[in-house]
Amino acid sequence: QVQLVESGGGLVQAGGSLRLSCKFSGRAFSSYVMGWFRQAPGKEREFVATISWSGDSTYYTNSVKGRFTISRENGWNTVWLQMNSLKPEDTAVYLCAARTAMELGSMENEYDYWGQGTQVTVSS
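Residues numbered from 1 in each chain as written. Predicted model: local features only at pLDDT ≥ 70, side-chain atom pairs only at ≥ 80, totals over all residues. Heavy atoms only, no water.

Pairing within the open sheet is antiparallel, and its four strands lie in the order β1-β3-β8-β7. The sheet terminates laterally at β1 (3–7) and β7 (68–73), the two strands that pair on one side only. Each adjacent strand pair in this sheet contributes to an overall mean axis angle of 15°, direction not counted. (Pairing = 2+ DSSP bridges. Helix = DSSP H or I, 4+ residues; strand = E, 2+ residues; numbered from the N terminus. Axes fitted to C-alpha atoms, helices over the stretch in contact; angles between N-to-C directions.)

Pasting the structure below:
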């Protein structure tokens, strides 16, 4: 069974940086497309970034392009989200997700497994 555990969240001032990690346990991490989503209080869950199984392809939502970077290391069963130039509107619970299909995915219902999330709070 696949399990995803996020870490690295916290409280940071606007303009600061955080690096989120997602540890994958289960079979064949390298065969999964991975994604990061976020959910702010009272709002729907929204897509942030996704990365192909090889790490060669990535895709970001417009609001984080140029500030966030998704990466992975298959030998470590880990995917990261480096977040720079953080803004108060980035405050949310950030969730890691895994998708069994080969294509990148930006929709919540395209992902098969989810972590519990890690809280990111950006103060102004």
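It is worth spelling out the state of the cysteines at this point. Here the structure, examined in full by the defined rule, presents one disulfide. In this model, C22 is linked to C96 through a disulfide, with the two sulfur atoms separated by 2.1 Å. Across the S-S bond of C22 and C96 the torsion is about -80°, and the bridge reads as left-handed. Of this pair, C22 sits in strand β3 (residues 18–25) while C96 sits in strand β9 (residues 92–99), and the two are 74 residues apart along the sequence. What makes C22 buried here is its relative accessible area of 1%. (Disulfide = S-S within 2.5 Å. Buried < 20%, exposed > 50% of the residue type's maximum accessible area, 1.4 Å probe, protein only.)

Residue placement: D112 occurs in the loop between β9 and β10 (113–114). When the C-alpha atoms of D112 and R99 are compared, they prove to be 5.3 Å apart, with 13 residues separating the residues in sequence. Other than its neighbours up to four places away in sequence, D112 contacts A98, R99 and T100. Polar side-chain contacts of D112 include one of 2.9 Å to the backbone nitrogen of T100. (Contact = heavy atoms within 4.5 Å. Polar contact = N/O pair within 3.5 Å; in protein donor to acceptor, adjacent residues only side chain to side chain.)

Throughout the structure, instances matching the rule amount to nine aromatic pairs. Ring plane angle 50° and centroid distance 4.9 Å describe the contact between F24 and F29, whose orientation is recorded as tilted. Here the two residues F24 and F29 agree in accessibility, since each one is buried. Stacked on the ring of W114, the Lys or Arg R45 has its end atom at 4.7 Å from the ring centre. R72 extends its terminal NZ or CZ atom over the ring of F29, reaching a point 4.3 Å from the ring centre. (Phe/Tyr/Trp six-rings, centres within 6.5 Å; stacked < 30°, edge-to-face > 60°. Lys NZ or Arg CZ within 6 Å of the ring centre and 35° of its normal.)

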